[in-house]
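Read off the chains here:
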Amino acid sequence: MIDLRSDTLTTPTDKMRAAMARAEVGDDVYGEDPTVARLEERVAGLFGHEAALFTPTGSMANVLAVRSLVQAGQEVLCEASAHIARAELGAHGAYTGLTMRTWIHRRGQVDLPTIQTLFAPDMGPFFVPTAAISVENTHNFAGGAVLPLQDLRDLREFATGAGARVHMDGARIWNAHVATGTPLAEYGAVADVLAVCLSKGLGAPVGSLMVGSRDAIAEARIWRKRMGGGMRQVGILAAAGLHALDHHVERLADDHAHARLLAEACGVDPATVDTNIVVVQRSDAADFVAAARAEGVLVATVGPTAVRLVTHLDVSDADAERAAAVLARVAG
Ligand SMILES: *Cc1c(COP(=O)(O)O)cnc(C)c1O
């Protein structure tokens, strides 16, 4: 089976497992795991921020990151299909007590005029104050779309002038970096706080990080423990992340080429595929998925008329070509 349902489905390579087995570890709740410390320092440095915090999931990194900017009773603005709004089971409301208002963009992009219309930091005693704006790069449900750096800079400039802060859900920021050549630090510079995942295209079995100021990370460390996310000899997992940063970033370009190949096979314009996710509009989405499965290719529906294909570390050149042949046949 060639599994294109998600880039979370990768399994650690033998070399990654060897790196995990060698990892020097300690009790990270005591701040004594040297491998976790190395990972946190390295990722903070990549984004030009002071500090970072290792978390079990991207969802927890997002909850910690957003709550560092937004208090209970305040709001965060985000795009309507953002992961923080749709795919975290209401965690930001349930844990932080914040509310959200959203703008809609088919490609998950920054719509600054609409954001400016929604933005309301202080409208008197009845209105929820806007504390932050969240963006997702790349945008998952918009099919891995990249947010252009200039749009992010314009948003940042508006936010700074207006006294609001910016969160970036960078679960797949690595894909945006490789697709555009934009240095990670440039993405870091347009956000107060970021969440980044090691467990998607980078191929680590577990792990994400919140990235931000020393103070925000110190507070998030307490909240992580409060939420049950204090982990012990977790250098074993951080080592997988360090290995992924060394060996699995530049190769994301292969995933992007594979995605364009699959898009073409399914009748989607490859020029609309920014990174490693292809969304195919099909009125027969469920039948399409079943027909592909019967020929050894796993894909998933993301709605009654949409099929999603995601390329990743465990899809070789030969796999991509075989999957393209199957999908072209199934797509008719
Ligand atoms: C996967 C993902 C996350 C985090 O997901 P977890 O499964 O909690 O690690 C956050 N944001 C986006 C856009 C994602 O795709």
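Residues numbered from 1 in each chain as written. Predicted model: local features only at pLDDT ≥ 70, side-chain atom pairs only at ≥ 80, totals over all residues. Heavy atoms only, no water.

Asks: Would you explain the site of the ligand in this entry?
Replies: For the ligand, the full set of nearby residues is Thr57, Gly58, Ser59, Asn62, His83, Glu88, Glu136, Asn140, Asp169, Ala171, Arg172 and Lys200. In this structure, an oxygen atom belonging to the ligand sits 3.2 Å away from a side-chain N or O atom of Asn140. Taking Asp169, its side chain carries an N or O atom lying 2.7 Å from a nitrogen atom of the ligand. Across the complex, the protein chains shield 84% of the 380 Å² of accessible surface that the ligand would expose by itself. Ranked by residues supplied to the shell around the ligand, first place goes to helix H3 (residues 58-67) with 3 residues. Grouping the amino acids of the shell around the ligand by side-chain chemistry returns 1 nonpolar, 6 polar and 5 charged. (Near = heavy atom within 4 Å. Polar contact = N/O pair within 3.5 Å; in protein donor to acceptor, adjacent residues only side chain to side chain. Areas by Shrake-Rupley, 256 points an atom, 1.4 Å probe, with all protein chains shown as cover. Helix = DSSP H or I, 4+ residues; strand = E, 2+ residues; numbered from the N terminus. Nonpolar A, V, L, I, M, F, W, Y, C, P; charged D, E, K, R; others polar.)

Asks: Quick question: what am I supposed to make of the UniProt feature "domain: Aromatic amino acid beta-eliminating lyase/threonine aldolase" (unreviewed entry) in the chain here?
Replies: Here, the residues flagged by UniProt with the feature "domain: Aromatic amino acid beta-eliminating lyase/threonine aldolase" (unreviewed entry) are residues 3-280. Secondary structure across residues 3-280 comprises 42% helix and 15% strand; the distance between its end C-alpha atoms is 16 Å. (UniProt positions renumbered as here; feature names shortened; annotations may be inferred.)

Asks: Honestly, the packing of aromatic side chains in this entry has me stumped. Any pointers?
Replies: Aromatic ring pairs are described here by two measures, namely the spacing of the ring centres and the angle between the planes. Summed over the entire model, instances satisfying the criterion amount to 2 aromatic pairs. Ring centres 5.7 Å apart and planes at 65° place the aromatic pair Phe47 and Trp174 in the edge-to-face group. Residue Phe47 is located in the loop between helix H2 (34-46) and strand E2 (51-55), and its partner Trp174 is located in helix H8 (residues 173-180); the two are separated by 127 residues in the primary sequence. On the numbers, 5.2 Å between centres and 75° between planes, the contact of Phe119 with Phe158 is edge-to-face. (Phe/Tyr/Trp six-rings, centres within 6.5 Å; stacked < 30°, edge-to-face > 60°.)

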